[in-house]
Structure formats: structure tokens, C-alpha cells
Amino acid sequence: MSTFDPSCLFCKIVQGDIPRYGVFEDEETIAFLDIHPLFPGHVLVAPKSHAVTLTDLPPSAVGPLFEKVQLLAKAVESAVEADGTFVAINNRIGQTVPHLHVHVVPRRRRDGLKGFFWPRHDYQDDEAREAVRDAIERELAKLL
Ligand code: AMP
Ligand code: ZN
């Protein structure tokens, strides 16, 4: 079932109430140029139906969305002759538009984007590592 939130910026973009530089559209998905690109060619790929985060998306919609992400990653990389791409989703934290969207950002060697030089937080010891692994496995067992 498709949902629409009248107060949502990207729902308005889906409806055509706010202009976009669209690059792709089908029944379920929309892709358009980010208004403040990290680099030219930065696109956002979003489900048309309103969902805030990846975990809010119905599982049956995940495949169709990511098929389009894959398609756009190929097209963007070729279109701007990039060396690769960065594909990412902010879920609540760091998310400024609360309608799920996947960033597809063209990358080049030495392009200055330091996003993945985030500080790492290593496990204190193997016990701490195992406790986290076990907790994730327990949660997965509840979901599967
Ligand atoms: P995030 O911070 O992950 O929620 O990403 C939101 C993205 O939406 C940002 O990269 C913005 O530049 C972009 N954005 C905001 N408003 C618009 C708009 N009207 N059209 C296209 N992109 C937008
Ligand atoms: Zn929305």
C-alpha cells in the first residue's frame, strides 16, 4: 500500500508539488539530483511511498529500491566518469529529510571526501566483541 505524508518534502517532490531534476522514475521509485551535491552527479534514490528509515520499508520494497540504486550507481559513475561511488543512507541520525533516500555519490581518487575516515571504536577485548555478536544473533533470531 502506498502512503503519502502531506508534510513531507520528498512526498511533495514525488507528487510534483516541488520541482526536481528527475533522472529516473518508475511505479515505486524516484531518483533526482541532490540540491546540494557533494559532487556533481550526486543523486537521491527514494521509494515513492512514504517511509522514514530503511527499517520502516516493507521487506518486499527493499529489492525493487536497491535494484534502482544499483542501476543509478552504474549510470552516475559512467555519466560523470567517476572512479567509483559512495552509496549511503542516514537513518534518523544525520537524516535531515525524514523520507527514506539512498545517496549515490560519485567518487574519484583523492577527491577530498573524508567521510570514511571517521574515528573507529575498537572492541575492548574479545569478550566485548563476542557479547555484541551474540546480541545481534539473538535479535536476528527474533526477526527470522
Ligand atoms: P540526509 O541528510 O541524508 O537526510 O539527506 C537529505 C538530502 O536531501 C541532502 O543531501 C539535501 O541536499 C537534499 N535535499 C534537500 N532538499 C532537496 C530538494 N528540494 N531537492 C533535492 N535534494 C534536496
Ligand atoms: Zn514522504
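Below, the structure is looked at part by part. On a predicted model such as this, the values are computed, not experimentally measured, just so you know. (Residues numbered from 1 in each chain as written. Chains lettered and ligands numbered in written order. Predicted model: local features only at pLDDT ≥ 70, side-chain atom pairs only at ≥ 80, totals over all residues. Heavy atoms only, no water.)

Another point: the coordination of the zinc ion (ligand 2). In this structure, C8 (SG), C11 (SG), H50 (ND1) and H99 (ND1) serve as the protein donors to the zinc ion (ligand 2), at separations of 2.0 to 2.3 Å. Given four donor atoms and angles of 104 to 115° at the metal, the environment of the zinc ion (ligand 2) is assigned as tetrahedral. Sequence positions of the donors to the zinc ion (ligand 2) reduce to the motif C-x2-C-x38-H-x48-H. Taken together, the residues span a long stretch of sequence, with C11 in helix α1 (residues 9-15) and H99 in the loop between β4 (84-88) and β5 (102-107) at a distance of 88 residues. Assigned by exposure class, C11 and H99 land together as buried. (Donors = N, O, S within 2.8 Å, 3.2 Å for Na, K, Ca; no water. Tetrahedral: all angles 85-135°; square planar, octahedral: opposite > 155°, others 65-115°. Helix = DSSP H or I, 4+ residues; strand = E, 2+ residues; numbered from the N terminus. Buried < 20%, exposed > 50% of the residue type's maximum accessible area, 1.4 Å probe, protein only.)

Of all residues adjacent to ligand 1, which total 16 residues, the nearest are D34, N90, T96, H101 and H103. The backbone of I35 places a nitrogen or oxygen atom 3.1 Å from a nitrogen atom of ligand 1. Separating an oxygen atom of ligand 1 from a backbone N or O atom of V97 is a distance of 3.1 Å. When the free accessible area of ligand 1 is taken as 500 Å², the share hidden by the protein chains comes to 84%. Elements that contribute at least two residues to the shell around ligand 1 include exactly α1 and β2 (29-33). If you tally residues by element for the shell around ligand 1, the top one is α1, at three residues. Considering only residue class, the shell around ligand 1 consists of eight nonpolar, seven polar and one charged. (Near = heavy atom within 4 Å. Polar contact = N/O pair within 3.5 Å; in protein donor to acceptor, adjacent residues only side chain to side chain. Areas by Shrake-Rupley, 256 points an atom, 1.4 Å probe, with all protein chains shown as cover. Nonpolar A, V, L, I, M, F, W, Y, C, P; charged D, E, K, R; others polar.)

Turning next to the sheet that holds β4. Ordered by their spatial adjacency, five strands build an open sheet running β1-β2-β3-β5-β4, and the pairing between neighbours is antiparallel. Where the open sheet ends on each side, the last strands, each with one partner, are β1 (22-25) and β4. Averaged over all adjacent pairs, the angle separating strand axes in this sheet is 20°, with direction ignored. Two elements, β1 and β2, share three bridges in a ladder whose sense is antiparallel. The partner of G22 across the bridge, within β2, is F32. (Pairing = 2+ DSSP bridges. Axes fitted to C-alpha atoms, helices over the stretch in contact; angles between N-to-C directions.)

Moving on to the environment of L72. Among the secondary structure elements, L72 is positioned in helix α2 (residues 59-79). Judged by relative accessible area, which is 7%, L72 ranks as buried. Linking L72 and M1, residues 71 residues apart in sequence, is a C-alpha distance of 25 Å. Setting aside its immediate chain neighbours within four residues, L72 contacts V23, F24, A31, V43, V45 and V104. (Contact = heavy atoms within 4.5 Å.)

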